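The lines below spell out each chain.
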Amino acid sequence: MKRLFGTNGVRGITNESMNAELALKLGKAIGSYFQGNIIIATDTRTSNEMLKNAVTAGLISTGCNVFDAKIAPSPALQYYVKNSDADAGVIITASHNPPQFNGIKVIDKDGIELSRKKEKEIEKIYFNEHFHKAAWNELGKVYDIDILDFYIEGILDLVNVEKIKECNFKVVIDCGNGAACYTMPYLVSQMANVITLNAQPDGNFPGRMPEPTEENVNELMKTVKAIKADLGIAYDGDADRAIFIDENGNFVYGDKSLAIVAGYVVEKKRGKVVTPVSTSSCVEEYVRAKGGEIVYTKVGAPIVARKMVEVDAVFGGEENGGLMFPEHQYCRDGGMATAAMLELLAIKGKSLSELIAEVPSYSLIKTKVECENNKEVMEKLKDSIKGDKIDYTDGIKVYVKEGWVLIRPSGTEPIIRIYAEGKNAAEAKKIAEKYKKMVEDII
Ligand code: MG
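Residues numbered from 1 in each chain as written. Predicted model: local features only at pLDDT ≥ 70, side-chain atom pairs only at ≥ 80, totals over all residues. Heavy atoms only, no water.

Chemist: I keep staring at the nonpolar core and nothing clicks. Help me out?
Modeler: By size, the foremost hydrophobic cluster in this structure holds 77 residues, and its most contacted members are I260, V261 and F315. In terms of residue count, helix α12 (residues 334-348) provides more of this core than any other element does, nine residues in total. In this structure, F315 is in contact with L258, V261, A262, V265, K272, V273, V274, M308, L323, M324, F325 and P326, ignoring residues within four places of it in sequence. Counting 28 residues, the second largest nonpolar core, distinct from the first, contains F5, L51, V66 and I125. (Core = buried A, V, L, I, M, F, W, Y, C linked by side-chain atoms within 4.5 Å. Buried < 20%, exposed > 50% of the residue type's maximum accessible area, 1.4 Å probe, protein only. Helix = DSSP H or I, 4+ residues; strand = E, 2+ residues; numbered from the N terminus. Contact = heavy atoms within 4.5 Å.)

Chemist: In this structure, what is going on with the sheet that holds strand β9 (residues 231-235)? I would like to understand it.
Modeler: Two modes of strand pairing occur in sheets, parallel and antiparallel, and in both the strands are linked by backbone hydrogen bonds. Within the open sheet, the four strands sit side by side as β8-β7-β9-β10. Their pairing is mixed. Bordering the open sheet on either side are β8 (193-197) and β10 (242-245), each of which pairs with just one other strand. Averaged over all pairs of adjacent strands, the angle between their axes in this sheet comes to 25 degrees, without regard to strand direction. Strands in contact with helix α8 (residues 218-226) are β7 (170-174), β8, β9 and β10; relative to β9, the strand with the most contacts, it is inclined by about 165 degrees. (Pairing = 2+ DSSP bridges. Axes fitted to C-alpha atoms, helices over the stretch in contact; angles between N-to-C directions.)

Chemist: So what exactly am I meant to see when it comes to the coordination of the magnesium ion here?
Modeler: For a metal bound by four donors in tetrahedral geometry, the ideal donor-metal-donor angle is 109.5 degrees, whereas six donors in octahedral geometry ideally sit at 90 or 180 degrees. Here the magnesium ion is held by S95 (OG), D236 (OD), D238 (OD) and D240 (OD), and the distances to it run 2.0 to 2.2 Å. Positions of the donor residues of the magnesium ion, expressed as sequence spacing, correspond to S-x140-D-x1-D-x1-D. Exposure class is identical for D236 and D240. Each is buried. (Donors = N, O, S within 2.8 Å, 3.2 Å for Na, K, Ca; no water.)

Chemist: Whenever I open this one, the packing of helix α9 (residues 254-269) against α12 confuses me. Can you help?
Modeler: Packed helices, taken two at a time, are described by the angle their axes make and the gap between the axes. Axis separation between α9 and α12 bottoms out at 11 Å; the angle between their running directions is 65 degrees. Considered as vectors, α9 and α12 are oriented roughly perpendicular to each other. Every pair of crossing elements has a handedness; the one defined by α9 and α12 is left-handed. Within the contact between the two elements, α9 uses S257, I260, V261, Y264, E267 and K268 and α12 uses A340, M341, E343, L344, I347 and K348. (Parallel < 35°, antiparallel > 145°, perpendicular 65-115°, else oblique. Left-handed = near helix turned anticlockwise from the far one by under 90°.)

Chemist: What should I look at first to understand a negative patch on the surface in this one?
Modeler: There is a patch of like negative charges on the surface, built from D146, D149, E153 and D157. Mapped onto the elements of the fold, E153 is located in helix α5 (residues 148-156). (Patch = residues over 30% accessible without salt bridge, like charges linked within 9 Å, V, L, I, M, F, W, Y side chains within 5 Å. Areas by Shrake-Rupley, 256 points an atom, 1.4 Å probe, with all protein chains shown as cover. Salt bridge = Lys/Arg side-chain N within 4 Å of Asp/Glu carboxyl O. Lys, Arg positive; Asp, Glu negative; His and termini not counted. Charge placed at Lys NZ, Arg CZ, Asp CG, Glu CD.)

Chemist: Is there a simple way to think about the layout of surface pockets in this case?
Modeler: Where empty space is left becomes clear once a probe the size of a water molecule has been rolled over the atoms. There is about 220 Å³ of room inside the second largest pocket. Lining of the second largest pocket is provided by 14 residues; of these, S281, E285, Y362, Y399 and W404 occupy positions nearest its centre. For the lining of the second largest pocket, the leading source of residues is helix α10 (residues 281-289), giving four residues. Each residue belonging to the lining of the second largest pocket can be placed in one class, and the counts come to five nonpolar, two polar and seven charged. (1 Å grid on protein atoms, 1.4 Å probe; cavity = no way out; pocket = protein on both sides within 12 Å on 5 of 7 lines; lining within 4 Å. Points joined across faces, edges and corners; volume = space filled by probe spheres on them. Nonpolar A, V, L, I, M, F, W, Y, C, P; charged D, E, K, R; others polar.)

Chemist: Help me out: how do you make sense of empty space enclosed by the protein in this one?
Modeler: In this structure the tally under the stated criterion is one cavity of 30 Å³ or more. Size it by volume and the largest cavity reaches roughly 40 Å³. Forming the walls of the largest cavity are I260, G263, Y264, E267, Y286, K290, L344, K348, L355 and E358. Contributing elements (two or more residues each) for the lining of the largest cavity: α9 and α12. It is α9 that provides the largest number of residues to the lining of the largest cavity, a total of four residues. Taken together, the residues of the lining of the largest cavity break down into five nonpolar, one polar and four charged.

Chemist: Help me understand the side chain of S74, please; the structure alone is not making it clear to me.
Modeler: Within the secondary structure, S74 is located in helix α3 (residues 74-83). Overall, the relative accessible area of 0% leaves S74 in the buried class. Those residues in contact with S74 that sit more than four places away from it in its chain are I91, T93 and D238.

The following block contains the structure:
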C-alpha cells in the first residue's frame, strides 16, 4: 500500500511534491472520511492561500462545511477543534522547514494529530479515488471564524497571572515571521513587558529561518543580553515549539527546558511524564529527583500525546522545545510553554540560568548510516547486541556504563539513525562510533 502521510502529515516543496492538485485530492479524501464540520488554518507561508483554497474546494465538494480560521498557530487550531463540536481540523504548515516547503496536517476531533490507523483510511480513499460527491444542493459552505482569543484566554486561565505580573519581567520574543506573530505578542503582554523581534508575518521569513536553532536565533540572544531582559523565547513556523534564552543571552537546549518545566509540574502534581526514548537522561534524572516517573515512547509528537492520555500523565514533551500540558491540551503548545515558563520563574524566584544549572549535564551526538534494507539490518542487530539493559520501545536502546545509545530505522528514508549520550562529548563520540561501526559491519 502506497503511503502519503509521513511523520509530520503530508509535506513537500511548493508546486513540486506539494501542489494544488494534491491539496484538492487530499481535501476530497479528508472530506469523504469525516463528512462533517472542518476547521482550517495556516501558518504564514507564501503557498498557504493556494493550498488552503484547494483543500477547501475538495472538502466542500464532499459536503463538508469549512470554518476558515485564517493564520493561527497549530496549537490554537487544535485547542479550538478539541473544545468545539468540529469533527476535525486541517492545518496548512511546514512547521520548522525552510520557506519553500509546505504541508497538510489533519487533526482529529480530540485535538490530537490523526492516528496512523485513520491516516491509512484517508490514504485508501485518496489512492482509490473513492470520493464522496455531494449533490449540487448539498455542497458544503465556507464560514470565517476567529479562534485566537479563545486560545489565549485558555492559556491565561491556567497560570498565576497575578504572581507573574508582580515580577515585572522583561521578555524578548522572536516570532520568526511565523504564526506566533498572531498570538504571542498579545499573550506575553498580558503577563510581562514584551519586546518583539520578527513579529511581522512574512512567508519569505526575512528575519530568520523558521527552525529555532542556536544559529537561527542569534539576534534574539544578542538582544536579550543587550537590553538586560529576563528571558528570550523563539518559536518555530507554526508556534507549537518554544525555545528559551536565559537572562545572559545563552541558548537553552530543549532537553534542559523540558527537564525544568517537567520537574516543576511534577513538584505540583506528582505523576507521570511522557517523552520519547531519544530524550536526554537529564530529564529522567531531574524528574525522578522531584518525585515523578518517566514513561518512554517511540519518537513522534502524536505518539507522546496519545501515550499521555493512556497513562494519565501530568506532562509530556520532546527535546526540540515541544512541551505538552494535559490541562490545556494533548499537543505541543508554544503559547502554553511560554506561560508555564513565566510562572515557573515567578514562583521559584530564580533566574533561568540558575534553574538550568540544577539539571544534570550530558552530551548527545546524532549520526546516521545509509542503509537500503534498514528493517532487515535492525533484525540482525537485535541478535548481535548484548547488554544488561536493552529497551525495544523504538529500535534498540542500549544502556552502557557511560550512557546510552539508540539505534532506529527511519520510517521515511533509507537510513538508520544513531543517537549516543555520554557524560561528555568525548564519551558520547566513543559510544556513537562503536555502534556505528557495528551497524556498518552488518550492512
Ligand atoms: Mg512546529
